[in-house]
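# Working through the structure, step by step
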Amino acid sequence: MTLAPDLLYDWFESPAGRLLLAGDGTALHHLGFPSGSRASRSPHPGWTRDPAAVAGAARQLSAYFAGELAVFDLALAPHGTPFQKRVWALLAQIPYGETRSYGDLAKALDAPGASRAVGAANGANPIPIILPCHRVVGADGKLAGFGGGVPLKRALLALEGALPPGAAPDAQPRLI
């Protein structure tokens, strides 16, 4: 994934840790986690800090983490291949409090054998939480990988009341 070298960014202190938000002042391009396989520990060298540019995303994320927002209403500009963008558009359609399997998404794309490709596109999602890739689980309900780590995925699903039976933890999940 290549992001524009001149985006505007700010940090958002969330219950999931410090998130990096980046956009162009009109649309959000990136949400980065503080840890995990898709961690964003620092902004791109060409980016400019501008809290106002991502304030709308920060407000909506705050409401989401408080349990007061189920549907994000933000302009988004994810960068990816046409196939990835099709997968991400399906992610945006998964309702709060529900999950889908990788196979479900592949079938919705009229590509029932493409579960692994859907998984790869899901893993490349540049705007997680808002494009809710955490709502995608294995066919057996087990929690598969997540850019912010499986414990965070479990906590987000618990926040939404959407933990599948096969994903029930032996300890109560919570946001950090």
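Report follows, based on the coordinates. All values reported here derive from a predicted model rather than from experimental measurement.

In a structure, side chains of opposite charge can pair up when their charged atoms sit close to one another. As enumerated under the stated definition, the model contains four salt bridges in all. Here R135 and E160 are joined by a salt bridge, their closest N and O atoms 2.8 Å apart. On the criterion of sequence distance, the pair formed by R135 in the loop between α4 (115-123) and β6 (136-137) and E160 in the segment after α5 (150-159) is long-range, its members being 25 residues apart. On the accessibility criterion, R135 (4% relative accessible area) is buried.

Before going further, it helps to examine the pairing of strand β2 (residues 17-23). A regular strand places its side chains so that they alternate between the two faces of the sheet. Within β2, six of the seven residues are buried, which leaves the element mostly enclosed by the surrounding structure. The pairing of strand β1 (residues 8-14) with β2 spans seven bridges and is antiparallel. Each residue of the ladder has a partner; that of S14, found in β2, is G17. Connecting the antiparallel pair β2 and strand β3 (residues 28-32) is a turn made up of four residues, with G25 showing a positive phi of about 95°.

What follows is about the sheet that holds β2. Judged by pairing direction, the sheet is mixed, and its four strands sit side by side in the order β3-β2-β1-β4 without closing on themselves. Both edges of this open sheet fall to β3 and β4 (48-49), since each of them pairs with a single strand only. Where β2 meets β3, four bridges bridge the pair, whose relative direction is antiparallel. Across the sheet, the residue bridging to L21 is L31, located in β3.

Another aspect to go through is the environment of A53. Topologically, A53 is positioned in the loop between β4 and α1 (55-65). Measuring from C-alpha to C-alpha, the distance between A53 and G141 comes to 37 Å, with 88 residues separating the pair along the chain. Not counting the four nearest positions on each side in its chain, A53 is found in contact with L8 and G25.

Thresholds, definitions, all that
- Residues numbered from 1 in each chain as written.
- Predicted model: local features only at pLDDT ≥ 70, side-chain atom pairs only at ≥ 80, totals over all residues.
- Heavy atoms only, no water.
- Salt bridge = Lys/Arg side-chain N within 4 Å of Asp/Glu carboxyl O.
- Helix = DSSP H or I, 4+ residues; strand = E, 2+ residues; numbered from the N terminus.
- Buried < 20%, exposed > 50% of the residue type's maximum accessible area, 1.4 Å probe, protein only.
- Pairing = 2+ DSSP bridges.
- Contact = heavy atoms within 4.5 Å.

Everything listed here is a matter of coordinates, which is why it stays silent on function.
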